[in-house]
Amino acid sequence: MRETPAEDLEEVAPAPICITAEQLPLIERVIQEVRPRIQADGGEIELGAIAGDTIRVRLSGACLHCSMAGQTLGGIRRRLVAELGVPVRVLPALD
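The structure contained in this document is the topic of the report that follows.

Quick notes on the rules
Residues numbered from 1 in each chain as written. Predicted model: local features only at pLDDT ≥ 70, side-chain atom pairs only at ≥ 80, totals over all residues. Heavy atoms only, no water. Helix = DSSP H or I, 4+ residues; strand = E, 2+ residues; numbered from the N terminus. Buried < 20%, exposed > 50% of the residue type's maximum accessible area, 1.4 Å probe, protein only. Contact = heavy atoms within 4.5 Å. Salt bridge = Lys/Arg side-chain N within 4 Å of Asp/Glu carboxyl O. Core = buried A, V, L, I, M, F, W, Y, C linked by side-chain atoms within 4.5 Å. Expected span 1.5 Å × (residues − 1). Bend = angle between axes of the 7 residues up to and from the residue.

Quick word on the overall build of the chain
Line of reasoning, step 1. Tallying secondary structure elements over the chain gives three helices and three strands in all.
Line of reasoning, step 2. When its helices and strands are written in sequence order, the chain yields α-α-β-β-α-β.
Line of reasoning, step 3. Sorting the 95 residues of the chain into buried and exposed places 25% on the buried side.
Line of reasoning, step 4. Intrachain contacts of the chain at a sequence separation of at least 6 include 49% that bridge at least 24 residues.

Written out as structure tokens, the structure is:
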């Protein structure tokens, strides 16, 4: 296998994804759609912040100590990727 020199990697690296203002309503809609299911389990979710390709959501209530919170974020990420048509990361807000 031929190794690729580091300078060649810069040429093939994908450009960073940035969420646009036009995509914000789609993100908010997805969060609103999943909210009732999260609330039914005693939790709450709201949009925290967006930076580049990272969407941070604020989890509270039962979600704070739930072992399934990572699965929930993964499901939200998959829905957002399908809606937005670009890869994104969904992480819990750190505040």
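Remarks on the pattern of salt bridges
Line of reasoning, step 1. Evaluation of the coordinates by the stated rule reveals six salt bridges.
Line of reasoning, step 2. Of the charged contacts, one joins R29 and E33 as a salt bridge, the two residues approaching to 2.9 Å between their closest N and O atoms. In this pair, R29 and E33 both sit in helix α2 (residues 24–40), four residues apart, roughly one turn of the helix.
Line of reasoning, step 3. Its relative accessible area of 33% is what places R29 among the partly exposed residues.
Line of reasoning, step 4. Residue E33 is classed as partly exposed on the basis of its relative accessible area, which comes to 32%.
Line of reasoning, step 5. E44 is the partner of R35 in a salt bridge, and the nearest nitrogen-oxygen pair spans 2.7 Å.
Line of reasoning, step 6. In this structure R35 comes out as buried when scored by relative accessible area, which is 15%.
Line of reasoning, step 7. Connected through shared salt-bridge partners, R29, E33, R79 and E83 make up one network.

Considering the side chain of Q23
Line of reasoning, step 1. With respect to the helices and strands, the residue Q23 is situated in the loop between α1 (6–12) and α2.
Line of reasoning, step 2. Beyond its immediate chain neighbours, meaning those up to four positions away, Q23 contacts C18, L84 and V86.

With respect to the nonpolar core
Line of reasoning, step 1. Core analysis: the biggest nonpolar cluster contains 18 residues, and I27, I45, I55, V57, I76, L80 and L84 have the highest contact counts within it.
Line of reasoning, step 2. Mapped onto this core, the elements with two or more residues apiece are α2, β2 (54–61) and α3 (69–84).
Line of reasoning, step 3. Non-local contacts of I27, meaning those with residues more than four positions away in its chain, are made with I19, L47, I50, I55, L80 and L84.

Observations concerning α2
Along an α-helix, residues three or four apart share an orientation, since each turn contains 3.6 residues.
Line of reasoning, step 1. For α2, with 17 residues, the first-to-last C-alpha span of 25 Å sits near the 24 Å given by 1.5 Å per residue.
Line of reasoning, step 2. Bending of α2 peaks at approximately 35 degrees at the position of V34, with proline P36 no more than four residues after it.
Line of reasoning, step 3. Residues I27, V30, I31, V34, R35 and I38 constitute the buried set of α2.
Line of reasoning, step 4. If you follow the buried residues of α2, they end up packed against β1 (43–51), β2 and α3.
Line of reasoning, step 5. Just past α2, the residue G42 takes up positive phi, approximately 90 degrees.

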